[in-house]
Amino acid sequence: MAVSTSPETPIPVGEVSRLIGGWIERLGAVWVEGQITQLSRRPGAGVVFLTLRDPSYDISVSVTCYRQVFDKVAEVVSEGARVVVHAKPEWYAPRGQLSLRAAEIKPVGVGELLARLEQLKKSLASEGLFAADRKKPLPFLPQLIGLVCGRASAAERDVLENARHRWPAVRFAVRNVPVQGVHAVPQVIAAVQELDALPEVDVIIVARGGGSVEDLLPFSDEQLVRAVGAAVTPVVSAIGHEPDSPLLDLVADLRASTPTDAAKKVVPDVGEELARVQQLRERARRAIDGFVQREERGLAAALHRPSIQRPQRMVEEREEQITALLERGRRTLGHLLDRADSELTHTLARVVALSPKATLERGYAVLQKPDGTAVRSPGEVTAEDSLRARVAEGEFRVRVDGAPGAATAAE
């Protein structure tokens, strides 16, 4: 329950320490797992002091136990070992310190560790953290490689020497961290996140040499696996040797069997690339030579064609055809004109023969009334009608005599 206080009614430090001790007392005994970082066994002392640390976080707690409790596991437990402790939290009020009073200590065996790792592996796999579609491709030629490894370690030397032997101009951003022990996980995570935040880093290699299952446990830690899975920069895992398979291998974008193998997979070999460039140049040269030769053969074949050797021949052949067609056209047109002229002459003769003027020239005359209509019947005129007579050489007036059908000339 919360304690009611105010600036006017504070409670003493001793009372606060007593209250904290009461709350902790109610917690009761708990089973706690961690890694032993400090172990103090003073000769003749009846109490053993040790520090238990969470390998995934920067958190530790002091543990005390009677000597007879620790002696049961003294031969298999040392600094760096993982243990499970059944302890009761204690609060030392005079100094305000929290500690655990251990009643039983059990070492975590390799079999149990592997079983836990297998369970964690299944859990992370069900989240899709190891899925192939999450893998990012590595750049062909990284300009700057981030390297996370132990200080002055064989893994660091193998990666640097092999990479620079393959491509002398390659550059590294090295972050030296503990690769085993209680401080390994948080510092490896910090190094990976630091390198991932640098835009100039093209790929990150996490490298460590071989070791026991316990030595490689930091690289199967859930927090480290999730940190690598969240990285934007491609990550290469080069932990241990070929048989070793920490969970980091599964979440990384590429697994290398050894640090040397990581250098070979990340950095191309300059000699091999030069040889490949030379092969491509030779291939391109052969392709161009083949193309030019094919075109030369096609050009030679085209030049041997009659139309190329004597191009005027086509013009001459067409000229002869055009001349023949012109002559044929002239003859046809002449025949058409002659026939048209003959038809026109016959038509003109017929027109002249049927012309009223020709009839008049034969001595006939046409009588017309004053309104210009021709007289075709004696009944159309009466006595004393004045008519106009039209003949071939002109016309004159006539007057109708008394009886129909008789007429006299009149000027």
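So, a few notes on the structure that sits alongside this text. Every chain is numbered independently, its residues counted from 1 as its sequence is written. The predicted origin of the model limits local features to residues at a pLDDT of at least 70 and limits the giving and counting of side-chain atom pairs to 80 or more, whereas totals for whole chains, interfaces and linings rest on all residues. Note that the side-chain values use all heavy atoms of the structure and ignore hydrogens as well as water.

### Topic: the sheet that holds strand β3 (residues 59–66)
Here the rule is simple: two strands pair whenever DSSP picks up at least two bridges between them. A run of H or I in DSSP becomes a helix once it reaches four residues, and a run of E becomes a strand once it reaches two; helices and strands are each numbered from the N terminus. Spatial strand order, β1-β2-β3-β5-β4: five strands in a closed barrel with mixed pairing. Geometrically, the sheet is characterised by an average inter-axis angle of 55° between neighbouring strands, direction not taken into account. Bridging between strand β1 (residues 30–40) and strand β2 (residues 47–54) involves five bridges; their strand directions are antiparallel. Note that in β2 the partner of Gln-35 across the bridge is Arg-53. Every angle, taken between N-to-C directions, lies between 0 and 180 degrees, and every axis is a line fitted to C-alpha atoms, over only the stretch in contact when it is a helix.

### With respect to the side chain of Asp-269
Within the fold, Asp-269 resides in the loop between α8 (259–266) and α9 (270–303). Think of a polar contact as two N or O atoms within 3.5 Å of one another; within protein, one of them needs to be a possible hydrogen donor and the other a possible acceptor, and neighboring residues in sequence only count if both atoms come from side chains. Only 3.0 Å separates the side chain of Asp-269 from the backbone nitrogen of Gly-271, close enough to count as a polar contact. A polar contact is formed between the side chain of Asp-269 and the backbone nitrogen of Glu-272, at a distance of 2.8 Å. Note on definitions: a residue-residue contact is assigned when non-hydrogen atoms from the two residues lie within 4.5 Å. Filtering out sequence-adjacent residues up to four positions away, Asp-269 remains in contact with Arg-166 and Trp-167.

### What about the pattern of salt bridges?
The working definition used for a salt bridge is a side-chain nitrogen of Lys or Arg within 4 Å of a carboxyl oxygen of Asp or Glu. Evaluation of the coordinates by the stated rule reveals 17 salt bridges. Between Glu-222 and Arg-226 there is a salt bridge, with its nearest N and O atoms 3.1 Å apart. Here Arg-226 and Glu-222 lie together in helix α6 (residues 222–229), a separation of four residues that amounts to about one turn. Burial classes: relative accessible area under 20% of the type maximum marks a residue as buried, over 50% as exposed, and values in between as partly exposed (1.4 Å probe, protein chains only). With a relative accessible area of 30%, Arg-226 lands in the partly exposed category. A salt bridge links Glu-273 to Arg-276, with the nearest nitrogen and oxygen atoms 2.6 Å apart. Separated by three residues within a single helix, Glu-273 and Arg-276 lie in helix α9, roughly one turn from each other. For Glu-273, a relative accessible area of 16% corresponds to the buried category. Taken together, the salt bridges that share partners define one network made up of Glu-127, Glu-222 and Arg-226.

### Regarding the sheet that holds strand β6 (residues 144–149)
Ordered by their spatial adjacency, five strands build an open sheet running β7-β6-β8-β9-β10, and the pairing between neighbours is parallel. Only two strands of the sheet have a single neighbouring strand rather than two, namely β7 (171–176) and β10 (254–255). Summarising the sheet, β6 and strand β8 (residues 203–208) pair through four bridges and their orientation is parallel. Residue pairing in the sheet places Leu-147 in a bridge with Ile-205 of β8.

### Observations concerning the pairing of strand β12 (residues 386–391)
Bridging between strand β11 (residues 366–368) and β12 involves three bridges; their strand directions are antiparallel. Across the sheet, residue Leu-367 finds its bridge partner in β12, namely Ala-389. Across six bridges, β12 lies against strand β13 (residues 394–400) in antiparallel orientation. Its bridge partner being in β13, Ala-389 is matched across the sheet by Phe-396. Linkage of β12 to β13, two consecutive antiparallel strands, is achieved through a turn of two residues.

### What about the packing of helix α5 (residues 184–196) against α6?
α6 packs onto α5 with a crossing angle of 5° between their chain directions and a minimal axis gap of 10 Å. As summarised for this structure, α5 and α6 are arranged roughly parallel, according to the angle between their axes. Side by side, α5 and α6 meet where Val-188, Ile-189 and Gln-193 of the first sit next to Gln-223, Leu-224 and Ala-227 of the second. Amino acid classes used here: Ala, Val, Leu, Ile, Met, Phe, Trp, Tyr, Cys and Pro are nonpolar; Asp, Glu, Lys and Arg are charged; the rest, including Gly, are polar. Of the residues belonging to the contact of α5 with α6, the class tally is four nonpolar, two polar and no charged. Relative orientations are named as follows: roughly parallel for angles under 35 degrees, roughly antiparallel for angles over 145 degrees, roughly perpendicular for angles from 65 to 115 degrees, and oblique for any other angle.

### Re the nonpolar core
Among the nonpolar cores identified, the biggest contains 30 residues, and Val-148 and Val-206 are the most heavily contacted of them. Elements supplying a minimum of two residues to this core: α3 (110–126), β6, α5, β8, α6, β9 (235–239) and α7 (247–251). Residues in contact with Val-206, not counting those within four places in the same chain, are Val-148, Val-188, Val-192, Phe-219, Val-235, Val-236, Ser-237, Ala-238, Ile-239 and Leu-248. In terms of nonpolar packing, the next biggest core, distinct from the first, is built from 20 residues, Trp-167, Ala-207, Ala-263 and Val-267 among them. By nonpolar core we mean a set of buried residues, namely Ala, Val, Leu, Ile, Met, Phe, Trp, Tyr and Cys, connected to one another through side-chain atoms within 4.5 Å.

Keep in mind these values describe shape, not function.
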